[in-house]
Every structure is written in structure tokens, then in C-alpha cells.
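Descriptive structure summary
Below are the chains, spelled out letter by letter.
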Amino acid sequence: MASSSPSEHEIQQRIRLACGRGAVRLWRNNTGALVDQQGRFVRFGLCKGSSDLIGLRSLEITPELVGQRLAQFVALEVKAAQGVLSPEQRAFLRLVQQLGGVAAACRSVEEAEQLLAVPRQVPLGH
């Protein structure tokens, strides 16, 4: 019997375990809503459309640029092979990118690793 494609949950777990170490930390962002025991409607997660995995990527600013280390916001929306982004998910990823974070839809560990690879330092003037 042929093996089926991995589910979004499986891909997500693989990405979190493979990429959430070293200069990167990733956390599962569960989003949704429920009615609590008192009958109150409770939303959870960052916001509607926020990514499956959120985190920080450490970037070192070169000595010419003060020598401080910064944490860059990371948002990974994990999709299986045929998965489609909702308009809210697209908007969230776009906002993170516009504000200087790293954000994308990922369908494999390899895509996530490529996205999260810390850029090489380029000397000023190049």
C-alpha cells in the first residue's frame, strides 16, 4: 500500500522539531473559540488568521551596527500539499512581513529550514 502524504499536523510537528532550535524558537499557536463552563464565549490564540507556528529568530547585528542581538518575529502557516490559505491567514503573513518579520506558508521541513536560515553577514558598502 502506498504511503499517503503527511497531514498538516505531521508537517507542523516536523517543522517545529527540526527548526525550533539554535537561533530559532517556535511555538504552536492554537487559535479558535469555545464556550466555557459559565457559558461565556472565549477566543484563544493570537488573532483570527494567525499562523500555526510563531516564534523568534535571533539575528546578530554586526559590530559596525552596534553589536546587539535582535529577535525577529517568525510566523509559519503550515499547510499540507493541497492546503489553501484563508484570506485572514494571507493578511496575517503579509502584516508580519511588512513589519519586518519572517512569515510564509510552509509545506515541508525543507521549506521552513530554507526560510529560517539566518542570512550571512554582509559588510557595509556591499
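Residues numbered from 1 in each chain as written. Predicted model: local features only at pLDDT ≥ 70, side-chain atom pairs only at ≥ 80, totals over all residues. Heavy atoms only, no water.

What follows covers the overall build of the chain. Assigned secondary structure in the chain consists of three helices and six strands. In sequence order, the secondary structure elements of the chain are arranged as α-β-β-β-β-β-α-β-α. Per-residue burial over the chain gives 33% buried out of 126 residues. Taking the contacts inside the chain whose residues are at least 6 apart along the sequence as the reference set, 56% of them involve residues at least 24 apart. Accessible area for the chain stands at about 8,500 Å²; split by element, carbon and sulfur atoms hold 54% of it. (Helix = DSSP H or I, 4+ residues; strand = E, 2+ residues; numbered from the N terminus. Buried < 20%, exposed > 50% of the residue type's maximum accessible area, 1.4 Å probe, protein only. Contact = heavy atoms within 4.5 Å. Areas by Shrake-Rupley, 256 points an atom, 1.4 Å probe, with all protein chains shown as cover.)

This part is about the confidence of the model for the chain. Residues of the chain with pLDDT of at least 70 account for 90%, and the chain-wide mean is 86. No element of the chain has a lower mean pLDDT than strand β4 (residues 53-60), which averages 85, and none a higher one than strand β6 (residues 102-106), which averages 95. Ignoring residues within four places in sequence, the model shows residues 121-126, a span with pLDDT below 50, making four contacts including any to other chains. (pLDDT = per-residue confidence, 0-100.)

This next bit is on helix α3 (residues 109-116). Of the positions making up α3, those classed as buried are Val109, Ala112 and Leu116. Buried positions in α3, seen along its axis, are confined to an arc of 65° and lie on one side of it. Facing away from the buried side of α3 by more than 90 degrees, the exposed set consists of Glu110 and Gln114. Structurally, α3 contributes buried residues whose contacts are with α1 (8-19), β1 (24-28), β4, β5 (69-78) and β6. (Arc of directions from axis to C-beta.)

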